[in-house]
Amino acid sequence: MKRIVIFASGSGSNAENIHHQFANENIEIVAIFCNNEKAGVIERANRLNISLHLFNRNDFNNTNIVDQEILSYHPDLIVLAGFLWKIPERLIVLFPNKIINIHPALLPKYGGKGMYGHFVHDAVINAKETKSGITIHYVNEHYDEGKYIFQAECEVTSNDTPETLADKIHQLEFAHFPQIIKKIIQ
Ligand code: GAR
């Protein structure tokens, strides 16, 4: 059995999709780590019976509490699925080439600090882009700059709003993220 640990800060729809896609596979989400006590992912973790770890910024940045908790699961891969804090260098050193992120745009455009969720979609629409998409990449010590693993595109039309674009992006994420995780982990 391959073991995945997920980090999420928000709704957690990607985490739930990954869980369902792997229901009949040799891959399991063994824990979800969350930095936001109001996040929707908490209800999902409870409903899906997945261990949940909540942590604060001090624990994450200045102690090894979270590191030890992650290590206790012996993960094959750490997946950032809508996780909004920068990963400390300490964790990147501890888990070399084992942390991946999904970003809701075609990097290198629309990445970096503060570029997450609807901020990305607002920026893409304001710039009148005709396409957007997703980027799955390894995580290094800079926001959204690790080696790319996979990109997929969708059209952006003049009728799109940040909400309709977010829906399109989620559909791409649901279709591709589990498949890419499976490829990497096997
Ligand atoms: C996803 O669209 C993901 O790409 C994005 O947050 C959303 C989380 O949705 N991640 C970032 O913006 C990271 N910079 P979810 O909580 O429903 O899975």
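Structural data are supplied above this passage.
Residues numbered from 1 in each chain as written. Predicted model: local features only at pLDDT ≥ 70, side-chain atom pairs only at ≥ 80, totals over all residues. Heavy atoms only, no water.

It is not clear to me how the sheet that holds strand 1 (residues 2-8) should be interpreted in this structure. Could you clarify?
Strand pairing in a sheet is mediated by backbone hydrogen bonds. Such pairs are either parallel or antiparallel. With respect to topology, 7 strands assemble into an open sheet ordered 3-2-1-4-5-6-7, the strand pairing being mixed. Of all strands in the sheet, those bounded by a partner on one side alone are strand 3 (51-54) and strand 7 (148-155). Direction aside, neighbouring strands of the sheet carry axes that sit 20° apart on average. Sheet topology places strand 4 (residues 77-80) next to strand 5 (residues 99-103); 3 bridges connect them, and they run parallel. Its bridge partner lying in strand 5, Ile 78 is registered against Ile 99. Of the strands in this sheet, strand 1, strand 2 (27-34), strand 3 and strand 4 are in contact with helix 4 (residues 65-72), which crosses strand 2 at around 165°. Helix 7 (residues 162-185) contacts strand 1, strand 2, strand 4, strand 5, strand 6 (131-138) and strand 7 of the sheet and is inclined by roughly 155° relative to strand 7. (Pairing = 2+ DSSP bridges. Helix = DSSP H or I, 4+ residues; strand = E, 2+ residues; numbered from the N terminus. Axes fitted to C-alpha atoms, helices over the stretch in contact; angles between N-to-C directions. Contact = heavy atoms within 4.5 Å.)

Explanation requested: unusual backbone geometry in the structure shown.
Leave glycine aside and you will find that most residues have negative phi; peptide bonds, for their part, are mostly trans. In this chain, Leu 107 is followed by Pro 108 through a cis amide linkage whose omega measures 15°. Mapped onto the elements, Pro 108 comes out in the loop between strand 5 and helix 6 (117-126). A positive phi angle, close to 65°, is found at Asn 49, a residue other than glycine. With respect to the secondary-structure elements, Asn 49 resides in the loop between helix 2 (40-48) and strand 3. Here Asn 49 falls in the exposed class, since its relative accessible area comes to 73%. One non-glycine residue, Asn 97, lies in positive phi territory at about 55°. Inspection of the secondary structure assignment puts Asn 97 in the loop between helix 5 (89-94) and strand 5. (Buried < 20%, exposed > 50% of the residue type's maximum accessible area, 1.4 Å probe, protein only.)

In this structure, what is going on with the packing of aromatic side chains? I would like to understand it.
Aromatic ring pairs are described here by two measures, namely the spacing of the ring centres and the angle between the planes. Applying the stated rule across the entire model yields 12 aromatic pairs. Arranged with centres 5.8 Å apart and planes meeting at 55°, the rings of Phe 7 and Phe 55 form a pair that is tilted. Taken together, the residues span a long stretch of sequence, with Phe 7 in strand 1 and Phe 55 in the loop between strand 3 and helix 3 (57-62) at a distance of 48 residues. Judged by centre distance (6.2 Å) and plane angle (50°), the rings of Phe 55 and Phe 83 are tilted. You can see Phe 55 sitting in the loop between strand 3 and helix 3 and its partner Phe 83 sitting in the loop between strand 4 and helix 5, a full 28 residues away along the chain. Taking the relative accessible area as the measure of exposure, Phe 55 reaches 6% and is therefore buried. When its relative accessible area of 7% is taken as the criterion, Phe 83 is described as buried. Joined through ring pairs, the aromatic side chains of Phe 7, Phe 33, Phe 55, Phe 60, Tyr 73, Phe 83 and Trp 85 make up one cluster. (Phe/Tyr/Trp six-rings, centres within 6.5 Å; stacked < 30°, edge-to-face > 60°.)

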